[in-house]
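# Per-entry structural report
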Amino acid sequence: MSYPQPHPRFSVLSSSSLTSLDHLSPASSSTRFSLPAAPSINTTLATPRPGVRPNVYDRNLNKTRAAEVSASAFAFLFSEVVQYTQKRVSGIADLERRLNTLGYRVGVRVVELMSWRNESSSKTPKREIRFLPALMSIHTHVWRTVFGKPADAIEKSVENPDEYMIIDNDPPITRNVSVPRDMSQLSCSSFTAGIVEAVLDGLGFPARVTAHNTPTDAFPNRTTILIKLDKAVLEREEALKT
Amino acid sequence: MTIFGLWVINKAGGLVYQRNFGDGLPSQTSNEYLVLAGTLHGIHAITSRLSPTGSGSGAQVIEGESFKMTIFLTPTGTKFVLLTSPIEPTAETVLQKVYEIYADAVMKNPFHTPEMPIRSEAFDTRIAALIK
């Protein structure tokens, strides 16, 4: 994490009070990931007794590769997430920032899981070091892992060279969300933006990622995930070119 | 074979959604609709206790000379009421689909407060698509 500004992404509860130094100190790591305090993460327990459900940490990560979760159950969970968050914020910007923070916590795990699976399944596992292939892999692989389908388009901003967009015509997580008119600026896909931001951070492309509603007649839920890259990334891309 | 209107009544008897289709029904003020819904709620509560074999589901169909009222009660006490012409064989299936849309577009929407009037664009559009 070499970017200069303090990055308040890891703590949902108090982001403003954190300094960048806090992130690196191991003492704060418990607030980052909030591991359950109690039952053991016991890796020596290789063969669990019959009838006892294995600890979630002992399960094979590859078994759930093709598993699906109920979209309805997730929709209710996400609805509660938004309601919970909305009770604790003062405005739309604040709400989006908190959803982004929650998504960031998901994205950190997504990037780790994907690179782990990539390593075990491929003979020549590859880590993207250039931005465009990384963006392509987010558009295809991250989307498929998280949402079960690739995103619909990637665009590059005409005006700003540091801006890229991932477009989803019908984001599954906001399919049932109907934002009231007085909050029309709000995009609950900020959660997705947080996931993208974490993945980009994890791959070494620090960026600010935001979500915007860009409805069309055919796709009223169309959403644009806007990626604004850190200056350092553009400089490195330029240096790698030669 | 016409659908005139759809009401959604919450478990307390309040009208949370009301919409007319076509112009088969004489228009009423919103207050009159609230009174109608409240009355229907009361009638329904009484009919559900009339059953000779313990408590039943209550009135399901109320028929008039020129219209039919089909009532669908969910396990949570929300009532969907469809006003149709007397011969409307699809009323029950339409109500099932309305319930499905309600579950998707209203109950999964984080900006909906339970038991409060339904203000969801998605619900409106999907209902309009279902009942043309």
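Up top you'll find the structure we're talking about.
Presented here is a report on the structure given in the accompanying data block. None of the values given here were measured: they were computed from a predicted structure.

### A few points about the nonpolar core
By size, the foremost hydrophobic cluster in this structure holds 38 residues, and its most contacted members are A:L200 and A:I227. Of all elements in the fold, only α3 (71-86), α4 (92-121), α5 (131-147), β2 (163-168), α6 (190-203), β3 (207-213) and β4 (223-229) of chain A reach the threshold of two or more residues within this core. Sequence-distant contacts of A:L200, that is, excluding residues within four places in its chain, are made with A:F131, A:I138, A:F205, A:P206, A:A207, A:V209 and A:I227. Judged by nonpolar contacts, the second largest core, of 21 residues, contains B:I3, B:Y17, B:A91 and B:I127.

### A closer look at the sheet that holds β4(A)
Within a sheet, adjacent strands bond to each other through the backbone by hydrogen bonds, running parallel or antiparallel. Residues and elements named next belong to chain A. Strand order in the open sheet formed by four strands is β1-β2-β4-β3, and the pairing between neighbours is antiparallel. The open sheet has two edge strands with one neighbour each: β1 (153-156) and β3. Taken over all neighbouring pairs, the strand axes of this sheet differ in orientation by 20 degrees on average, direction set aside. Two elements, β1 and β2, share four bridges in a ladder whose sense is antiparallel. Bridge pairing in β2 links I154 to I166. In the packing of α5 onto the sheet, the strands contacted are β1, β2 and β4, and the crossing angle to β2 comes to about 20 degrees. Sheet strands in contact with α6 are β3 and β4, and its direction is about 155 degrees off that of β3.

### Considering the layout of surface pockets
Its volume calculated, the second largest pocket comes out at about 730 Å³. Around the second largest pocket, the lining is made up of 28 residues, and of these A:V177, A:S178, A:V179, A:P220 and A:N221 lie nearest the centre. Looking at the lining of the second largest pocket, the elements with two or more residues in it are β3 of chain A together with α3 (121-130) of chain B. Per element, the largest residue contribution to the lining of the second largest pocket is four residues, and it comes from α3(B). Residues belonging to the lining of the second largest pocket are distributed by class as follows: 10 nonpolar, 12 polar and six charged.

What counts and what doesn't
- Residues numbered from 1 in each chain as written.
- Chains lettered and ligands numbered in written order.
- Predicted model: local features only at pLDDT ≥ 70, side-chain atom pairs only at ≥ 80, totals over all residues.
- Heavy atoms only, no water.
- Core = buried A, V, L, I, M, F, W, Y, C linked by side-chain atoms within 4.5 Å.
- Buried < 20%, exposed > 50% of the residue type's maximum accessible area, 1.4 Å probe, protein only.
- Helix = DSSP H or I, 4+ residues; strand = E, 2+ residues; numbered from the N terminus.
- Contact = heavy atoms within 4.5 Å.
- Pairing = 2+ DSSP bridges.
- Axes fitted to C-alpha atoms, helices over the stretch in contact; angles between N-to-C directions.
- 1 Å grid on protein atoms, 1.4 Å probe; cavity = no way out; pocket = protein on both sides within 12 Å on 5 of 7 lines; lining within 4 Å.
- Points joined across faces, edges and corners; volume = space filled by probe spheres on them.
- Nonpolar A, V, L, I, M, F, W, Y, C, P; charged D, E, K, R; others polar.

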